[in-house]
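A look at the structure
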Amino acid sequence: MTGVADVLSAVCLITGALLSLIAAIGLVRFPDVLSRMHAATKPQVLGLLLILAGIGFRLRTGADITTLLLIAVFQLATAPVAAHMVGRAAYRSELVRRDLLLLDEAAEAADGGRDPAARLG
Amino acid sequence: MTVVVVTVAALLLAAALLTLVRIVRGPSLLDRVVATDVLLAVIVAALGAEAALNRHATTLPILVVLAILGFVGSVSVVRFAVRPPDGPDTDARGGRETVGERP
């Protein structure tokens, strides 16, 4: 039982670290703020949850697992808010590459939904 | 377990270095904010992996503080990061109606 939990913990830790590396590669290679945010989400949510699961499998006590749950809930509640603010600031500072967008719903909202051609912009 | 330690350390070190490259190169403030968030996530992952591999819970409160700090930091920087590209109609505060005034 102890061996199984330790192996699970090691797998979780390595997968979480791998997600961090993938996000860092995406940060260096992707072209604009929005696609870099897409890469940045991986270690912030899934990578962190995997690392926390790794800690939980290794420590296996109630108080520690409660702290880990607190960290997970807090990160899951705040990461979307921060990402929303960064994305909106990027859009409004004209840092978005529009040729990479398939659908620009913010432009539709700015036009009051009157111009269907804005969908293709 | 030594293999796990070396693997996790190498992966996180490479991730932190690549993230630092993005923080240095920019080009905009928002790129640096996003990269700083990722760097903080890497630091949290490193602290957590160290706690797991050495089987101690000393650094878990630090993880809580770091999670809160990342949110407060990025939100407070981004809150003042919007530069109007074409005049004073875009402040950092407005919603749809200020966007709609744009040509």
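Residues numbered from 1 in each chain as written. Chains lettered and ligands numbered in written order. Predicted model: local features only at pLDDT ≥ 70, side-chain atom pairs only at ≥ 80, totals over all residues. Heavy atoms only, no water.

- In the nomenclature of an unreviewed UniProt entry, chain B corresponds to Multisubunit sodium/proton antiporter, MrpF subunit from the organism Micromonospora pattaloongensis.
- We quote the UniProt Subcellular location (unreviewed entry) comment for chain B here in full: "Cell membrane".
- Quoted straight from UniProt, the Sequence similarities (unreviewed entry) entry for chain B says "Belongs to the CPA3 antiporters (TC 2.A.63) subunit F family." (UniProt positions renumbered as here; feature names shortened; annotations may be inferred.)

- Going by an unreviewed UniProt entry, chain A carries the name Multisubunit sodium/proton antiporter, MrpG subunit and comes from Micromonospora pattaloongensis.
- Under the heading Sequence similarities (unreviewed entry), UniProt records this for chain A: "Belongs to the CPA3 antiporters (TC 2.A.63) subunit G family."

1. Some details on the packing of helix α2 (residues 33-59) of chain A against helix α2 (residues 29-53) of chain B
- In the contact formed by α2 of chain A and α2 of chain B, the axes pass within 9 Å of each other and the chain directions differ by 15 degrees. Between α2 of chain A and α2 of chain B, the interaxial angle falls into the category roughly parallel. α2 of chain B is crossed by α2 of chain A, and the crossing has left-handed handedness.
- A per-class count over the contact of α2 of chain A with α2 of chain B returns 18 nonpolar, three polar and four charged. (Axes fitted to C-alpha atoms, helices over the stretch in contact; angles between N-to-C directions. Helix = DSSP H or I, 4+ residues; strand = E, 2+ residues; numbered from the N terminus. Parallel < 35°, antiparallel > 145°, perpendicular 65-115°, else oblique. Left-handed = near helix turned anticlockwise from the far one by under 90°. Nonpolar A, V, L, I, M, F, W, Y, C, P; charged D, E, K, R; others polar.)

2. Some details on the UniProt feature "transmembrane region" (unreviewed entry) in chain B
All names here are of chain B.
- According to UniProt, the "transmembrane region" (unreviewed entry) feature falls on residues 33-53 and 60-82.
- Taken end to end, residues 33-53 has its terminal C-alpha atoms 30 Å apart, with 100% of it in helix and 0% in strand.
- Annotated as 87% helix and 0% strand, the span residues 60-82 places its first and last C-alpha atoms 35 Å apart.

3. Some points on the packing of aromatic side chains
- The full count for this structure, using the stated rule, is zero aromatic pairs over all chains.
- For the cation-ring pair, R79 of chain B lies above F80 of chain B, with the distance from its terminal atom to the ring centre recorded as 5.0 Å. (Phe/Tyr/Trp six-rings, centres within 6.5 Å; stacked < 30°, edge-to-face > 60°. Lys NZ or Arg CZ within 6 Å of the ring centre and 35° of its normal.)

4. Re the confidence of the model for chain B
Residue and element names in this part refer to chain B.
- Summing up the model confidence of chain B, the mean pLDDT is 80 and the portion of residues at 70 or higher is 80%.
- Taking the mean pLDDT of every element in chain B, the minimum, 43, falls on helix α4 (residues 96-100) and the maximum, 92, on helix α1 (residues 2-25).
- Here residues 87-103 is a poorly scored stretch, pLDDT under 50, and it has 26 contacts once near neighbours within four places are set aside; other chains count.
- Taken together, the chains of this predicted complex give a pTM of 0.81 and an interface ipTM of 0.82. (pLDDT = per-residue confidence, 0-100. Contact = heavy atoms within 4.5 Å.)

5. Here's the deal with the interface of chain A and chain B
- Counting residues at the interface gives 49 residues for chain A, matched by 59 residues for chain B.
- Connecting chain A to chain B are two salt bridges.
- Of the charged contacts in the structure, one is a salt bridge between R36 of chain A and D31 of chain B, with a shortest N-O distance of 2.6 Å.
- If you look at where chain A meets chain B, you find seven residue pairs in polar contact (both at pLDDT 80 or more).
- Put simply, the parts of the chain that give the side of chain A that touches chain B at least two residues each are α1 (2-29), α2, α3 (62-92) and α4 (105-110) of chain A.
- For the side of chain A that touches chain B, the leading source of residues is α3 of chain A, giving 16 residues. (Salt bridge = Lys/Arg side-chain N within 4 Å of Asp/Glu carboxyl O. Polar contact = N/O pair within 3.5 Å; in protein donor to acceptor, adjacent residues only side chain to side chain.)

6. Some remarks on the UniProt feature "transmembrane region" (unreviewed entry) in chain A
Residues and elements named next belong to chain A.
- Taken from the UniProt record, the annotation "transmembrane region" (unreviewed entry) applies to residues 6-28 and 65-87.
- Taken end to end, residues 6-28 is 100% helix and 0% strand, and its two terminal C-alpha atoms sit 33 Å from one another.
- Here residues 65-87 runs as 100% helix and 0% strand, with 33 Å between its end C-alpha atoms.

7. Considering the nonpolar core
- By size, the foremost hydrophobic cluster in this structure holds 48 residues, and its most contacted members are L52, I55 and V86 of chain A together with L30 of chain B.
- Listing elements by their share of this core, those giving two or more residues are α1, α2 and α3 of chain A together with α1, α2 and α3 (60-79) of chain B.
- Per-element tally for this core: the top contributor is α2 of chain B, with 13 residues.
- For V86 of chain A, the contacting residues outside a window of four places in its chain are V33 and M37 of chain A together with L30, V33, V34 and V78 of chain B. (Core = buried A, V, L, I, M, F, W, Y, C linked by side-chain atoms within 4.5 Å. Buried < 20%, exposed > 50% of the residue type's maximum accessible area, 1.4 Å probe, protein only.)

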